[in-house]
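# Analysis of the macromolecular model
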Amino acid sequence: MATSSPASVTPAQAASRPPFRHRHLLGISQLNQYEIVDLLDRAEAMIPISRQERKILPTLAGKTQINLFFENSTRTQSSFEIAGKRLGAQVTNMSVKTSSVAKGETLIDTAATLNAMRPDVIIVRHGASGAVELLSQKVGCSVINAGDGAHEHPTQALLDALTIRQHKGYLAGLTVAICGDIANSRVARSNLLLLGAMQVRTRVVAPRTLIPRGIEALTPEVYTDMRKGLEGADVVMMLRLQHERASGRMIPSIREYYHFYGLDAEKLSYAKPDAIVMHPGPMNRGVEIDPAIADGPRSVINEQVEMGVAVRMAVLDALLADREAAA
Amino acid sequence: MSKSVVISNARIVDPATDRDSPGAILVEKGKIAGLTNGAPQGIPDGAEHYDAGGMVVAPGLIDMRVFTGEPGHEYRETLQSAAAAAAAGGVTSFVLMPDTTPVIDDGALVDFLLRRAGATASVNILPAAAITRGLRGEEITEFGLLKEAGAVALTDGRHSIQSAALLRSAFSYAANFDLPVIHHVAEQSLVGEGVMNEGTLATVSGLKGIPIEAETIPLARDLQLAALTGVRYHAAQISTGAAVELIAAAKRRNRSISAGISINNLALNENDVAPYRTFYKLSPPLRSEDDRQAVIEGLKSGAIDTIHSAHDPQDSEVKRQPFAEASDGAVGLETLLAAALRLHHSGDVPLLTLLRAMTSRPAEILGLKSGRLAIGAPADIIIVDVDFPWVVKERELRSRSRNTAFEGARMQGAVMHTFVAGKPVFSHSATREGAAA
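In short, a report on the structure.

What counts and what doesn't
- Residues numbered from 1 in each chain as written.
- Chains lettered and ligands numbered in written order.
- Predicted model: local features only at pLDDT ≥ 70, side-chain atom pairs only at ≥ 80, totals over all residues.
- Heavy atoms only, no water.
- Helix = DSSP H or I, 4+ residues; strand = E, 2+ residues; numbered from the N terminus.
- Axes fitted to C-alpha atoms, helices over the stretch in contact; angles between N-to-C directions.
- Parallel < 35°, antiparallel > 145°, perpendicular 65-115°, else oblique.
- Contact = heavy atoms within 4.5 Å.
- Nonpolar A, V, L, I, M, F, W, Y, C, P; charged D, E, K, R; others polar.
- Pairing = 2+ DSSP bridges.
- Salt bridge = Lys/Arg side-chain N within 4 Å of Asp/Glu carboxyl O.
- Buried < 20%, exposed > 50% of the residue type's maximum accessible area, 1.4 Å probe, protein only.

### Focus: unusual backbone geometry
Along the chain, Glu-70 of chain B connects to Pro-71 of chain B via a cis peptide bond; the corresponding omega equals 0°. Tracing the backbone through its elements, the reader meets Pro-71 of chain B in the loop between β6 (61-66) and α1 (79-88). Omega for the bond connecting Ser-283 of chain B with Pro-284 of chain B falls within 30 degrees of zero, at -5°, which places this linkage in the cis form. Looking at the secondary structure, you find Pro-284 of chain B in the loop between α9 (263-267) and α10 (289-301). For Arg-118 of chain A, which is not glycine, the phi torsion reads 55° and is therefore positive. Examined against the element boundaries, Arg-118 of chain A turns out to sit in the loop between α4 (100-116) and β3 (121-126). In this model, Leu-135 of chain B sits at a positive phi of 55°, which is unusual for a non-glycine residue. Checked against the element boundaries, Leu-135 of chain B lands in the loop between β8 (124-129) and α3 (143-149).

Printed below as a string of structure tokens:
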């Protein structure tokens, strides 16, 4: 089903691909298995563009892309900016810093204002679950969710899947352990949805205080013991712990958290010998992950960043160029 | 002085006497002056005659929980617009929550409300006063003076008092003046940043959940303090099966406690929230279907005494927001009866039980003479076509705010006429001519 070689999609095959049928990318939950494979294939075809001397495939020439970030995120915002620019789009960054109370008030107003500037796509990150979907209802262009609250972060899940596929050659049948702050993680939710749709065996590993009620709807395998949770895993996906928020309430201390749930060589030894280690960044070295592991040979964290640009190029291209071609 | 009124050919449904039988009603000087089985004993000269055509004639509804925006937020709702909505929904009296700007925590403000209501509102408005000054949960208000000014009950409205010691003191002092205390129970530390029922739906949506224990833990505390102090205690609105069990157990030992429920928690469940529909963001939150079934059983068993609308007008500014940032609440005066009748039509709850929870029980809890069809009682009466089909359309609502949780809902049952003290304040045919077809 999934292909591994970047050369597997020829231009002819790409031309015969059915157009992407969505106007927005708000979450993995809106995608079926075929659409996920399609996006991963498209992203794979984008990888060489970023590796060549002149990094440009101007399918979005003349298009306007606005990055609207209500939460700071240097890496995701840069990734979307670079992806858009490599496709030839004109990219504007808007960082909206507001108090949490004023946030919502500006959301609809901001949407209306930006809409009047006639962008072709708005990339939105917002601290409230569902905020991006709300904004998408108020604008006439495509909207990509770059993370909404603890809900979804679809391009992160796509780039994670692409990274796994690049390393393992396929997805179905693999075992992926997602470890850490499941309760507050949109990355975990999008990954559980995507990997579940692709017949990947998923597990979550965390102390009970960081596992939300009803998580069984997303994965049946819930572990509180990290060694058991990692046993036989092909992929170990670490999550960032918001330790400023969690300390003293959800976990007693970073020391104890690291002792039981920090990824070190000893715990990693329970996973398969060829298991890869992932992290969506930014990392807390020494909190959820041993620096030696983060920078070690099994870490694919930097490749995730590279795949991020390819995935975002593919999503932008699917939403904008395809729609134009179909129109 | 209002004209005499005769309502004939009626199916008289009076929960106070368990009556559901044909008859006629004579109204004179704003009070019920005659009740007959079968045809009326003549029609007095000049009396207005209503042929109910076999429709249900019942006491006007008493809604235990209504918010307006007057004073302070008149763009959301005034006493006048709330009363118009109430009349259209068959609500002839409602308890007004003190959550206004300023907060109703002073006798002069109760007096102001009563005078404003008398001048502008077509139904009976019963002010409830704050338990604590400014609803801050710190110092109790002047219960005695508030009662003298006309407050029917004490409540901190949307707010839940967290200190057990303060509650004990408030309950004792309220018992001293024989004022009922209506308390919304929510353990703030467990509610936390929660915005909907805790469980799978919240987790999948990435929303923080509110566990049922946020309701049951403070409820258990309140019930013990009620027993300790002898206060007339009314749990403002419960939403869970576990709370029903607590109330039922406490009622076996203490007869001065009662419990209410919002029609929203009887008619809707957490599935209605998805995806991020803020008009279903309520406090207490919509719970699971299991809990909804349990509270319906609680209503039938008598553990739950009253059904209210929880009418809470919010403008689109504060409602059309990301879910976690949107305000709680929905309007409900105009849909209370129709939504309740769903439980009658589905065979879940008998009509008398439903109407009792909106007429005689609230009247007993508040010590009102209304809420029953008895000679000498105020002629607050509704004529209801329990089968009338209609669709809720927010633009047709009389409330100044349109945040209904029933937009587009198909309803069966509508109020045809509403009388307050014998005076017609709403007529279905007059206002919906043509629209109903």
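The structure having been displayed, the exposition proceeds.
### What about the packing of helix α7 (residues 213-229) of chain B against helix α8 (residues 241-251) of chain B?
All names here are of chain B. Closest axis-to-axis distance for the α7/α8 pair is 9 Å, and the angle between their directions is 10°. Classified by the angle between their axes, α7 and α8 sit roughly parallel to one another. Here α7 contributes Glu-215, Thr-216, Leu-219, Ala-220 and Leu-223 to the contact with α8, which in turn contributes Ala-242, Ala-243, Leu-246, Ile-247 and Ala-250. Looking at the contact of α7 with α8 residue by residue, the class counts come to eight nonpolar, one polar and one charged.

### Structural notes on the sheet that holds strand β2 (residues 90-95) of chain A
In a beta sheet, neighbouring strands are held together by backbone hydrogen bonds and run either parallel or antiparallel to one another. All names here are of chain A. The four strands lie next to each other as β2-β1-β3-β4, forming an open sheet whose pairing is parallel. Strands with a single pairing partner mark the edges of an open sheet, and in this sheet they are β2 and β4 (142-148). The sheet shows a mean angle of 15° between the axes of neighbouring strands, direction not considered. Relative to β3, strand β1 (residues 64-69) runs parallel, the two being bridged by five bridges. Paired with Asn-67 across the strands is Ile-123, a residue of β3.

### Some remarks on the pairing of strand β3 (residues 31-36) of chain B
All names here are of chain B. When strand β2 (residues 19-28) meets β3, the two strands line up antiparallel, connected through five bridges. The residue bridging Val-27 from the neighbouring strand is Ile-32, located in β3. Where β2 folds back onto β3 in an antiparallel hairpin, the turn is made up of two residues, including Lys-29, whose phi is positive at roughly 50°.

### Things to note about the pattern of salt bridges
Counted according to the given criterion, the structure contains 33 salt bridges over all chains. With its nearest N and O atoms 3.0 Å apart, the salt bridge here joins Arg-165 of chain A to Asp-41 of chain A. Of this pair, Arg-165 of chain A sits in helix α6 (residues 154-168) while Asp-41 of chain A sits in helix α2 (residues 33-51), and the two are 124 residues apart along the sequence. Each member of the pair Arg-165 of chain A and Asp-41 of chain A is classed as buried. The salt bridge partner of Glu-221 of chain A is Arg-203 of chain A, with a shortest N-O separation of 3.2 Å. With a gap of 18 residues between them, Glu-221 of chain A in strand β7 (residues 221-223) and Arg-203 of chain A in strand β6 (residues 201-205) connect regions that are remote in the sequence. With respect to class, Glu-221 of chain A is no different from Arg-203 of chain A; both count as buried. Connected through salt bridges with shared partners, the residues Lys-251, Asp-305, Arg-361 and Glu-364 of chain B form a single ionic network.

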